Amino acid sequence: MASIKLKKLEEYLHGVDSFEKPKIKLEQYITPPHIASCVLYNIQTLYGDIEGKYVGDLGCGSGMLSIGSFLLGAGMTTGFEIDGDALNTFQYNVTEMELPGIDCVLCDVLALPKCGKWGNAFDTIVTNPPFGTKNNCGIDMLFVQTGISMASGAVYSFHKSSTRDYIRKKVKDWHVKGNVVAELKYNIDTSYSFHKSKSVDINVDFWRFDVTEKDI
Amino acid sequence: MRLSTYNFLTSKAIKGVKVGFPLKLTIAKKDVVESEFNATFIERLLPRLDWPAIRLAAEIADLADDIPSEQPANIAENEELLKKLHHLLLEIDVLEGQLECPETGRVFPITDGIPNMLLNEDEV
Ligand SMILES: C[S@@+](CC[C@H](N)C(=O)[O-])C[C@H]1O[C@@H](n2cnc3c(N)ncnc32)[C@H](O)[C@@H]1O
């Protein structure tokens, strides 16, 4: 059950402003509202992991997943983001939409495990992580690993489908059950206008990680 | 910054800092954001709260009368206290202020409601 209709949720998420000047190095593109609303709606209706839960959003950007989670009834949402400009847009979105239970912290997600207090703080973690480039290959799995340490229930994340086997193997080592809950195809370049001419759709998996028996 | 978030923030990522908690909070400007009370959600948060830290936050937010200095038993049955916790943790929004590391004095500013916990390379 969800407290809001899928169509309504998508309508609201279309009102979420994107990055003003996306920073390519940080892989700043928003999760398209159609995709964000579908996956979040499924998290709630299939697994009940949002309503009444404390939800964390790693690399929250301008707030698409935080705002979507709150609209689906999260008790509270906290977003974590390394870029202050993105968080200014995040705060603008939250204020503009008059949503009371959404908060954010300016920090490096990869430093959170060192902070000591965020372990198991959340019921659910959602993240659309940077996929990593030549220079920071594997950052998406570092986001997931951090998410697993911070959640007591489940972690949801997007990954390139080409990494499916690798992820399966990796999470097994952590005693985490992972399964692909949706196969998506989308264009991550749309916010980079100068890229438009050569942009292509890529295959992306939406994963659910059950962390209730984690060993990490 | 909500005080529920404050409950989890530390400066432990700084090189040499042992605990880095609770951070010394200063509030220069705050707002109250009304939100729906959900008793079950506050109960969910309870085991994750550091009582001395939230009591400290209550003092700084001028709500010391609402929050007992020792965590009472059976809070779940005490709806009045749950409501006060809801107000303290989810409705007080710190817009301007700072967090200070109790061990090094390093200051983390809170600007436009956003605590800046970023560290310089030479600090980690
Ligand atoms: C693909 S975007 C997703 C944005 C947003 N969550 C959404 O769904 O629309 C990835 C985000 O992660 C942020 N990011 C990248 N590296 C980070 C790090 N080390 N710590 C925190 N955030 C980071 C980027 O600035 C960007 O906002």
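The residue numbers shown here count from 1 along each chain, following its written sequence. Each chain gets a letter, beginning with A, and each ligand a number, beginning with 1, in the order they are written. Reporting of local features is limited, given that this is a predicted model, to residues whose pLDDT is at least 70; pairs of side-chain atoms are given and counted only at 80 or more, and all residues count toward the totals for whole chains, interfaces and linings. Excluded from the side-chain calculation are hydrogens and water; included are all heavy atoms of the structure.

In the nomenclature of an unreviewed UniProt entry, chain B is known as Multifunctional methyltransferase subunit TRM112-like protein of Ceratitis capitata. UniProt positions are given in the numbering used here, feature names are shortened, and annotations may be inferred rather than shown by experiment. Turning to chain B, the UniProt record has this under Sequence similarities (unreviewed entry): "Belongs to the TRM112 family."

Chain A appears in an unreviewed UniProt entry as Methyltransferase-like protein 5 from Ceratitis capitata.

S.K.: What am I meant to see in the overall build of chain A here?
M.R.: Labels follow the DSSP assignment, with helices taken as runs of H or I lasting at least four residues and strands as runs of E lasting at least two, numbered in each case from the N terminus. A tally of regular secondary structure across chain A gives seven helices and seven strands. Secondary structure elements in chain A, listed N-terminal to C-terminal, are α-α-β-α-β-α-β-α-β-α-β-α-β-β. The globule rule used here is 2.2 Å times the number of residues to the 0.38 power, and the radius of gyration it is set against is calculated over C-alpha atoms. Here the C-alpha atoms of chain A give a radius of gyration of 16 Å, agreeing with the 17 Å that 2.2 N^0.38 yields for 216 residues. C-alpha atoms of chain A, sized along the principal axes, occupy 40 × 40 × 30 Å. Under the scheme applied here, a residue whose accessible area is under 20% of the maximum for its type counts as buried, over 50% as exposed, and between as partly exposed, the area being computed with a 1.4 Å probe on protein chains only. Of all 216 residues assigned to chain A, the portion counted as buried reaches 55%. Residues are treated as being in contact if the distance between any of their heavy atoms lies within 4.5 Å. Taking as baseline every contact in chain A between residues at least 6 positions apart, the subset at least 24 positions apart corresponds to 75%. Accessible areas in this description were obtained via Shrake-Rupley with a 1.4 Å probe; residue shielding takes into account the shown protein chains only. Split by element, the accessible area of chain A, about 9500 Å² in all, is 51% carbon and sulfur. Each charge class in chain A was averaged separately, 22 positive and 26 negative side chains, and the resulting centres sit 5 Å apart. Under the convention used here, Asp and Glu are negative, Lys and Arg are positive, and both His and the chain ends fall outside the count. By convention, the charge on Lys lies at NZ, on Arg at CZ, on Asp at CG and on Glu at CD.

S.K.: Please explain the packing of aromatic side chains as it appears in this structure.
M.R.: Both the distance between ring centres and the angle between the ring planes are used here to describe each pair of aromatic rings. All names here are of chain A. Note on ring pairs: Phe, Tyr and Trp rings are taken, using the six-membered ring of Trp, and paired if centres are within 6.5 Å. Classes follow the plane angle, with under 30 degrees stacked, over 60 edge-to-face and the rest tilted. A complete count under the given rule lists 11 aromatic pairs over all chains for this structure. Here the aromatic rings of F80 and F122 are separated by 6.0 Å at their centres, their planes lie at 85 degrees, and the arrangement is edge-to-face. Placement of the pair is F80 in strand β2 (residues 76-81) and F122 in strand β4 (residues 122-127), with a sequence separation of 42 residues. In this structure F80 comes out as buried when scored by relative accessible area, which is 0%.

S.K.: Quick question: what am I supposed to make of the site of the ligand here?
M.R.: All names here are of chain A. Near the ligand lie 20 residues; those nearest to it are T31, G59, E81, D108 and V109. Between the ligand and I82, the relevant distance is 3.3 Å, taken from a nitrogen atom to a main-chain nitrogen or oxygen of the residue. Measuring from a nitrogen atom of the ligand, one finds a side-chain N or O atom of D108 at 2.8 Å. Look at the ligand: alone it shows 600 Å² of surface, and the protein chains cover 98% of it. As a working rule, the residues Ala, Val, Leu, Ile, Met, Phe, Trp, Tyr, Cys and Pro are called nonpolar, Asp, Glu, Lys and Arg charged, and the rest polar, with Gly in that last group. Residues that form the shell around the ligand fall into these classes: 12 nonpolar, five polar and three charged. The cutoff for a nearby residue is simple: one of its non-hydrogen atoms must lie within 4 Å of the molecule or strand. Whenever a nitrogen or oxygen atom comes within 3.5 Å of another N or O atom, the pair is scored as a polar contact, on the condition that within protein one atom can donate a hydrogen and the other can accept it, and that pairs from neighbouring residues in sequence are kept only if both atoms are in side chains.

S.K.: Please explain the environment of I60 of chain B as it appears in this structure.
M.R.: Residues and elements named next belong to chain B. With respect to the element layout, I60 can be found in helix α3 (residues 51-60). Judged by relative accessible area, I60 falls into the partly exposed class, the value being 29%. Separated by 33 residues in sequence, I60 and I27 place their C-alpha atoms 7.3 Å apart. Beyond its immediate sequence surroundings of up to four residues, I60 is in contact with L25 and I27.

S.K.: Please clarify how helix α3 (residues 64-71) of chain A should be interpreted in this entry.
M.R.: Three- or four-residue spacings in an α-helix give side chains the same orientation, since the helix completes a turn every 3.6 residues. Summarising burial for α3 of chain A: eight of the eight residues are buried, a large majority. Among the residues trailing α3 of chain A, G73 of chain A stands out with phi positive, at a value near 100 degrees.

S.K.: Teacher, can you tell me more about the UniProt feature "domain: Methyltransferase small" (unreviewed entry) in chain A here?
M.R.: Per the UniProt record, "domain: Methyltransferase small" (unreviewed entry) is found at residues 46-136 of chain A. With 30% helix and 24% strand, residues 46-136 of chain A has its two end C-alpha atoms placed 34 Å apart.

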